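# Overview (structure and organization)
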Amino acid sequence: MDEALKLFAVMMALGAAGGGVYALIAFVNVMVKRMEGRGPAPEELEARVADLELRLEDAERAAGRIADVEERMDFVERVLPRPGEAAERGS
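All residue numbers refer to position in the chain's written sequence, counted from 1. Totals for whole chains, interfaces and linings use all residues, but because this is a predicted model, local features are given only for residues with pLDDT of at least 70 and pairs of side-chain atoms are given and counted only at 80 or more. Excluded from the side-chain calculations are hydrogens and water; all other atoms, namely the structure's heavy atoms, are used.

## Observations concerning the overall build of the protein
Stated precisely, the cut-off is as follows: Helical segments are the DSSP runs of H or I of at least four residues, strand segments are the runs of E of at least two, and each set is numbered from the N terminus. Three labels apply to residues, based on accessible area from a 1.4 Å probe with only protein chains included: buried if under 20% of the type maximum, exposed if over 50%, partly exposed otherwise in between.
From N to C terminus, the protein includes 3 helices and 0 strands. Going from the N terminus to the C terminus, the protein shows its helices and strands as α-α-α. The buried share of the protein, reckoned over its 91 residues, is 0%.

## Considering the pattern of salt bridges
We apply this condition: One side-chain nitrogen of Lys or Arg within 4 Å of one carboxyl oxygen of Asp or Glu is enough to make a salt bridge.
All told, the structure shown has 5 salt bridges when counted by the stated rule. Measuring nitrogen to oxygen at the nearest pair gives 3.1 Å for the salt bridge that ties Glu44 to Arg48. On the criterion of helical spacing, the pair formed by Glu44 and Arg48 is a turn pair, its members being 4 residues apart in helix α2 (residues 42-79). Here Asp68 ties to Arg72 by a salt bridge, and the two come within 3.3 Å at their closest N and O atoms. Placement of both Asp68 and Arg72 in helix α2 is noted, with a separation of 4 residues, approximately one turn of the helix. With relative accessibility at 34%, the residue Asp68 sits in the partly exposed group.

## Considerations on a nonpolar patch on the surface
Our working rule: Patch construction takes residues with relative accessible area above 30% that form no salt bridge. Like charges are linked within 9 Å, and nonpolar side chains (Val, Leu, Ile, Met, Phe, Trp, Tyr) are linked within 5 Å. Every accessible area reported is derived by Shrake-Rupley at a probe size of 1.4 Å, with residue values counting cover from the shown protein chains alone.
On the surface, Leu24, Phe27, Val28, Val30, Met31 and Val32 cluster together into a nonpolar patch covering about 510 Å² of accessible area. Assignment of secondary structure puts Met31 in helix α1 (residues 2-36).

## Description of the confidence of the model for the protein
The test is simple: One number per residue, pLDDT, summarises how confident the predictor is, and it ranges from 0 to 100.
On average, the protein scores 83 in pLDDT, and the residues at 70 or more come to 89%. Here helix α3 (residues 83-90) is the element of the protein with the lowest mean pLDDT, 64, and α2 is the one with the highest, 91.

## Some remarks on a negative patch on the surface
Operational definition: Counting rule applied: Lys, Arg positive; Asp, Glu negative; His and chain ends not counted. Working definition for charges: the position is that of NZ of Lys, CZ of Arg, CG of Asp or CD of Glu.
Taken together, the side chains of Glu70, Glu71, Asp74 and Glu77 make up a negatively charged region of the molecular surface. Position of Asp74 among the secondary structure elements: in helix α2. We classify Asp74 as partly exposed; its relative accessible area is 41%.

Have a look at this one:
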C-alpha cells in the first residue's frame, strides 16, 4: 500500500508540474501576442508621420487660400454697392 501511495504522489507531482509548465507556456504566448499588438512597427510609424506632415502642409495652404478669399470678399463688399444702395445712389 505504501508503494501505491508513493506512485500516486509521484504521478500527482508529475501532473502538477506538467500543468504548471502548460500554464506558463500559455501565459508567455498571451504576453507575446499582447506585446506584438501594442503598436505599429517603426517603419509604419515613419510612414504615418510623413503622411500627417503632408496633410498638415495641405491644411496650412488651404487656410492661406481661405484667408485670401475672405480678404477679397471683404474688398468686394466694400467696393460694390448693394442692390438697394444702387437705386438710392442713382436717384
